[in-house]
Amino acid sequence: MSKIIKIKRGLDIKLKGEAEKKIGKALQSNIFAVKPPDFIGVTPKLSVKKGVEVKAGDALFFDKARPDIIIPSPVSGEVTEIKRGAKRKILDIIVLADKTTNYRDFGAANPSTLSEDEVRSKLLESGCWSLIRQRPFSIIANPNETPKGIFISCFNTHPLAPDYNFIVKDNEAIFQKGIDALAKLSDNVNLDINGENGKSSAFENINGVKINRFTGPHPAGNIGVQVHKLNPLNKGEVIWYLNPQDVLIIGRLFETGKYDASKIIALTGSEIKDPQYFRVLS
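Quick caveat, the model's predicted, so the values are computed rather than measured.

**Overview of the pattern of salt bridges**
Argument step 1. Across all of its chains, the model carries 14 salt bridges by this definition.
Argument step 2. For Lys22, the salt bridge is made with Glu20, and the minimal N-O distance between the two is 3.7 Å.
Argument step 3. The exposure class assigned to Lys22 is partly exposed, which follows from its relative accessible area of 31%.
Argument step 4. The partly exposed category is assigned to Glu20, whose relative accessible area is 43%.
Argument step 5. With a shortest N-O distance of 2.9 Å, Glu237 and Lys148 are connected by a salt bridge. One end of the pair, Glu237, is in the loop between helix H4 (223-230) and strand E15 (239-242); the other, Lys148, is in the loop between strand E11 (139-140) and strand E12 (150-153), with 89 residues separating them in the sequence.
Argument step 6. Residue Lys148 is classed as partly exposed on the basis of its relative accessible area of 23%.
Argument step 7. Among the charged side chains, a network of salt bridges with common partners joins Glu18, Lys21 and Asp163.

In structure tokens, the structure reads:
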């Protein structure tokens, strides 16, 4: 039976401009920039040079301290520029995207039939490992450590936050495949869902996880609050955590063999004429 945790202290800020439950067509840029400074704790070392052609899923750079952790390109195309700052710090890797994305094929597989090492290797090879973060410090998880648990917060209580239930709806099978892969890395995978009726219906029937229900105002949807209530960290312990859309990316990797970095975002706010959702490349 799932746990029900009530958060009593907090505040929901009601703002105008919530996104309507529809997905619009977003214009796609032909220039993409991957920024190594966005990856906390990573000392970047380039895997590409200016002028080379890459496919979606090819490594752009890796962590100097942990070479098996790579950051892949979200698109295929030509690396047109590598911007550097003080002391030659890498600031941006610019890719001129192809009109049609070409993906590196990592091979489709059923994670339920793979070993832990095989799942780990596929996540590392494809760059999907960079989606898994650890606490403390919110850095990319160490693949050589064993976490106390894996936690996925399936709702966001920030003002005008996207509705993950809407985003995952009709993609439950892909989400389940991502969960099956994560379950190979830990026997303690937690889905933290909105405890209000109907607010998390897309996650109710996911197998191989512990479902924990949270109710109450913000910050009930924060992963830190949830971990503190469920399984507080002691000295020397770590937990891993993901966003539901990161689980979908992992699920698509095993379903298709491709690193598909597309996500659905909410364009919101009182000044937006038609606030809605859009599918973009992250």
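**Concerning helix H3 (residues 172-183)**
Argument step 1. Taking 1.5 Å of rise per residue, 12 residues should cover 16 Å, and H3 covers 16 Å from first to last C-alpha, within 8% of that figure.
Argument step 2. Buried positions along H3 lie against helix H1 (116-126), E12, helix H2 (164-168), strand E13 (189-194), E15 and helix H5 (244-256).

**As for the packing of H1 against H5**
Argument step 1. Two elements in contact, H1 and H5, have axes whose closest approach is 11 Å; the angle formed by their N-to-C orientations is 105 degrees. One way to sum up the angle between H1 and H5 is to call them roughly perpendicular. Note on element contacts: H5 touches H1 through Ile250, Leu253 and Phe254, opposite Val119, Lys122, Leu123 and Ser126.
Argument step 2. Looking at the contact of H1 with H5 residue by residue, the class counts come to 5 nonpolar, 1 polar and 1 charged.

**Observations concerning the sheet that holds strand E17 (residues 276-281)**
Argument step 1. Reading across the sheet, the 3 strands line up as E2-E17-E16 and stay open at both edges, with mixed pairing between neighbours. The sheet terminates laterally at strand E2 (23-24) and strand E16 (262-267), the two strands that pair on one side only.
Argument step 2. Here 6 bridges tie E16 to E17, and the two strands are oriented antiparallel to one another. Opposite Leu267, over in E17, you have Gln276 as the bridge partner.

The rules behind each value
Residues numbered from 1 in each chain as written. Predicted model: local features only at pLDDT ≥ 70, side-chain atom pairs only at ≥ 80, totals over all residues. Heavy atoms only, no water. Salt bridge = Lys/Arg side-chain N within 4 Å of Asp/Glu carboxyl O. Buried < 20%, exposed > 50% of the residue type's maximum accessible area, 1.4 Å probe, protein only. Helix = DSSP H or I, 4+ residues; strand = E, 2+ residues; numbered from the N terminus. Expected span 1.5 Å × (residues − 1). Contact = heavy atoms within 4.5 Å. Axes fitted to C-alpha atoms, helices over the stretch in contact; angles between N-to-C directions. Parallel < 35°, antiparallel > 145°, perpendicular 65-115°, else oblique. Nonpolar A, V, L, I, M, F, W, Y, C, P; charged D, E, K, R; others polar. Pairing = 2+ DSSP bridges.

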